[in-house]
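Residue-level structural notes
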Amino acid sequence: MDEKKLLVEKIIGCAVDNGVADRRDVIFLRNRLYTILGWENDGNTPQLPAGETAGKRLSELVSELCDLIGQAGRDGLGESREQVETRLIGEIVPPPSAVERQFAEILRLKGGEGALTWYYQFSQHTDYIKVAAIARNRQWTSATVHGEMEITINLSKPEKDPLEIARLKARPAASYPKCLLCIENEGFCGNINNRPARHNHRMLRLDLAGREWYFQFSPYLYYPEHSILINPEHRDMVIDSDVIANFLAFVDMFPHYLIGSNSDIPIVGGSILNHDHYQAGSHRFPVERAGERIGFAHPRFPEMIFSYLNWPVSTLKITGHRAGITAMFDEILAAWYGYQNPAIGIVRQSAAGERHNGITPIMRK
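These notes cover the structure that comes with them. Here the structure is a predicted model, which means the values were calculated and not measured. Residue numbers run consecutively from 1 along every chain, following the written order of its sequence. The model is predicted, so local features are restricted to residues of pLDDT at least 70 and side-chain atom pairs to those at 80 or more, both for listing and for counting; the totals for chains, interfaces and linings are taken over all residues. Water and hydrogen atoms play no part in the side-chain values, which are based on all heavy atoms of the structure.

**A few points about the pairing of strand 2 (residues 147-153)**
Bridge count for strand 1 (residues 138-144) against strand 2 is seven bridges, and the pairing is antiparallel. Across the sheet, the residue bridging to Ser142 is Met149, located in strand 2. Between strand 1 and the antiparallel strand that follows it, strand 2, lie two residues. By definition, two strands form a pair when at least two bridges between them are found by DSSP. Strands here are runs of E lasting at least two residues and helices are runs of H or I lasting at least four, both read from the DSSP assignment and numbered beginning at the N terminus.

**Quick word on a nonpolar patch on the surface**
Distance thresholds for patches are 9 Å for like charges and 5 Å for nonpolar side chains (Val, Leu, Ile, Met, Phe, Trp, Tyr), applied to residues having over 30% relative accessible area and no salt bridge. Accessible areas in this description were obtained via Shrake-Rupley with a 1.4 Å probe; residue shielding takes into account the shown protein chains only. Here, a salt bridge means any side-chain nitrogen of Lys or Arg that lies within 4 Å of a carboxyl oxygen of Asp or Glu. A cluster of nonpolar side chains, Ile294, Phe296, Leu316 and Ile332, forms an exposed patch at the surface whose accessible area comes to about 320 Å². When you line up the elements, Leu316 lands in strand 10 (residues 316-319). Only protein chains enter the accessibility calculation, which uses a 1.4 Å probe. A residue is then buried if its area is under 20% of the maximum for its type, exposed if over 50%, and partly exposed in between. Given the relative accessible area of 39%, Leu316 is considered partly exposed.

**Regarding the packing of helix 8 (residues 242-253) against helix 9 (residues 322-338)**
For helices, the axis comes from a line fit to the C-alpha atoms of the stretch in contact; other axes are also lines fit to C-alpha atoms, and the angle between any two N-to-C directions lies between 0 and 180 degrees. Look at helix 8 against helix 9: their axes get within 10 Å of each other, and the N-to-C directions meet at 150°. Compared by their axis directions, helix 8 and helix 9 come out roughly antiparallel. When the axes of helix 8 and helix 9 are compared, the crossing they make is right-handed. Of helix 9, the residues touching helix 8 (which contributes Val243, Ile244, Leu248 and Asp252) are Arg322, Thr326 and Phe329. Charged residues are taken to be Asp, Glu, Lys and Arg, nonpolar residues to be Ala, Val, Leu, Ile, Met, Phe, Trp, Tyr, Cys and Pro, and polar residues to be all remaining types, Gly included. Taken together, the residues of the contact of helix 8 with helix 9 break down into four nonpolar, one polar and two charged. Each angle is binned into one of four classes, with values under 35 degrees roughly parallel, values over 145 roughly antiparallel, values of 65 to 115 roughly perpendicular, and all other values oblique. Crossing handedness: left-handed means the near helix sits turned counterclockwise from the far one by under a right angle, and right-handed means the same turn made clockwise. We call two residues in contact whenever any of their non-hydrogen atoms come within 4.5 Å of each other.

**Here we look at the nonpolar core**
Take the buried Ala, Val, Leu, Ile, Met, Phe, Trp, Tyr and Cys residues and link them wherever side-chain atoms come within 4.5 Å; each set so joined is a nonpolar core. Counting 69 residues, the largest nonpolar core has Phe215, Leu229 and Phe250 as its most contacted members. At nine residues, the largest contribution of residues to this core is made by helix 5 (residues 96-125). Setting aside anything within four residues of it in sequence, one finds Phe215 in contact with Leu116, Tyr119, Met203, Leu204, Leu206, Ser227, Ile228, Leu229, Phe250 and Tyr257. In this structure, Leu181, Met203, Tyr214 and Ile228 belong to the second largest nonpolar core, which totals seven residues.

**A word on the packing of aromatic side chains**
When the centres of two rings from Phe, Tyr and Trp lie within 6.5 Å, Trp using its six-membered ring, the rings pair. Their planes under 30 degrees apart give stacked, over 60 give edge-to-face, and anything left gives tilted. Per the counting criterion, the structure on display carries 18 aromatic pairs. Seen from their ring centres, Tyr34 and Trp39 are 5.5 Å apart, and the 65° between their planes marks the pair as edge-to-face. Trp39 shares its class with Tyr34; the two are buried. Judged by centre distance (4.7 Å) and plane angle (15°), the ring pair of Trp213 and Tyr278 falls under stacked. Taken together, the positions of Trp213 in strand 4 (residues 211-217) and Tyr278 in strand 7 (residues 277-281) put the pair 65 residues apart, joining distant regions of the chain. In terms of burial, Trp213 and Tyr278 fall into one category: buried. One aromatic cluster in this structure is built from Phe103, Tyr119, Tyr120, Phe215, Phe217, Phe250, Phe254 and Tyr257.

**What to know about the environment of Arg87**
Position of Arg87 among the secondary structure elements: in helix 4 (residues 81-90). Judged by relative accessible area, Arg87 falls into the partly exposed class, the value being 23%. For the pair formed by Arg87 and Cys189, sequence separation is 102 residues and the distance between their alpha carbons is 7.3 Å. Ignoring any residue separated from it by four or fewer positions in sequence, one finds Arg87 in contact with Ile36, Gly76, Leu77 and His199.

**Things to note about helix 9**
Structurally, the α-helix is built with 3.6 residues per turn, so residues lying three or four positions apart point the same way. If you check helix 9, its first and last C-alpha atoms are 24 Å apart, about what 17 residues at 1.5 Å a residue would give, namely 24 Å. For helix 9, the full list of buried residues reads Gly324, Ile325, Met328, Phe329, Leu333 and Tyr337. Each buried residue of helix 9 sits inside an arc of 165° when the element is viewed along its axis, so together they form one side. Residues of helix 9 that are exposed and point more than 90 degrees away from the buried face comprise Ala323 and Ala334. For a helix, the expected span equals 1.5 Å multiplied by the number of residues minus one. Arc definition: it is the arc formed by the directions from the helix axis to the C-beta atoms.

**Section: helix 1 (residues 3-17)**
Between its first and last C-alpha, helix 1 extends 21 Å over 15 residues, near the 21 Å set by a 1.5 Å rise per residue. Of all 15 residues in helix 1, twelve are buried, a share of seventy percent or more. Inspection of helix 1 places Lys5, Leu6, Leu7, Val8, Glu9, Lys10, Ile11, Ile12, Gly13, Cys14, Ala15 and Val16 among the buried residues, and these make up the whole buried set. Where helix 1 is buried, its residues meet helix 2 (26-37) and helix 3 (58-74). Residues adjacent in sequence count toward polar contacts only when both atoms are side-chain atoms; beyond that, a polar contact is any pair of N or O atoms within 3.5 Å, and within protein one must be able to donate a hydrogen and the other to accept it. Between a side-chain oxygen at the N-terminus of helix 1 and the backbone nitrogen of Lys4 the separation is 3.0 Å; the capping residue is Asp2. Positive phi appears at Gly19, one or two residues downstream of helix 1, with a value of about 80°.

Following this line, the structure appears as structure tokens:
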């Protein structure tokens with residue numbers, strides 16, 4: 001029996017079993033994989049024993065195939081093993097339009113939670129979410145005066161191979177896609193200039209407050225169901241009045257998720273600041289369980305609840321209806337961006353006019 005061809009059958013069978021591919025497409029997928037691998041299809045297809053793919057991940061089987069075919073068999077398929085493996089999986093994954101149609105149908109039948117559960121599992125089965133790598137992460141909790149904190153050490157992101165690093169020195173800087181968040185990464189072959197292979201990448205197009213956005217899960221989850229919402233336009237992150245409208249639209253669609261954004265200025269912390277994006281997920285963070293230091297009312301919105309939380313950084317929680325939250329967000333943002341008190345070290349901008357004050361907004365319905 002040809003072990004390599006048997007592995008191809010296992011790969012296709014695993015994809016069908018996990019809902020990544022349709023049984024109707026088995027012949028098509030076999031011919032496609034044989035073609036890119038440079039094999040002749042003589043019609044002698046190995047029969048896959050029952051239960052052969054049970055408990056297997058697509059990425060494991062593809063890795064086994066790469067081991068079998070060796071470097072010579074991978075030549076021409078990519079500059080690195082990661083590119084080869086991702087390309088083989090990408091040949092099986094349906095195109096973005098088909099993924100979106102399936103998501104929309106599940107959304108119609110099961111609602112937002114059911115649809116995102118399907119897409120989360122799909123992203124794991126297609127190895128866009130790096131399940132095996134994420135398992136290496138370490139996390140624990142610790143009691144503090146601010147409540148129980150979560151600590152995570154992310155060990156999942158891969159280090160570059162020394163040979164790839166050597167080749168990188170001789171290559172010009174990559175300019176496409178412009179960054180790792182751009183929608184042009186969808187299906188991109190990758191290169192050794194810090195552009196990972198994304199043959200298996202499939203985003204979901206969403207409408208947020210009348211504007212087009214794209215949704216994906218993070219390949220290296222920092223927390224359960226860590227997801228990213230991406231502006232299709234490559235433009236700088238900005239926290240302004242549009243944020244609340246977008247947040248409200250998202251939590252209306254997926255009320256079991258939180259949505260938030262890093263600050264839009266580099267002095268506050270790390271993020272990909274040159275591409276407008278938000279982050280979301282099902283995880284409930286320690287800040288959401290923080291106790292209240294001070295509670296107060298607002299004369300114009302007496303039905304809303306304002307709380308200054310017991311948290312290491314200044315945190316204001318507002319609970320109420322959307323009209324009040326929208327109005328208060330705009331007022332607070334304008335007041336904070338313009339506020340300074342040099343006596344206690346708060347200076348709103350640098351001498352060159354660079355803003356210093358920022359916020360990290362989050363919302364849960």
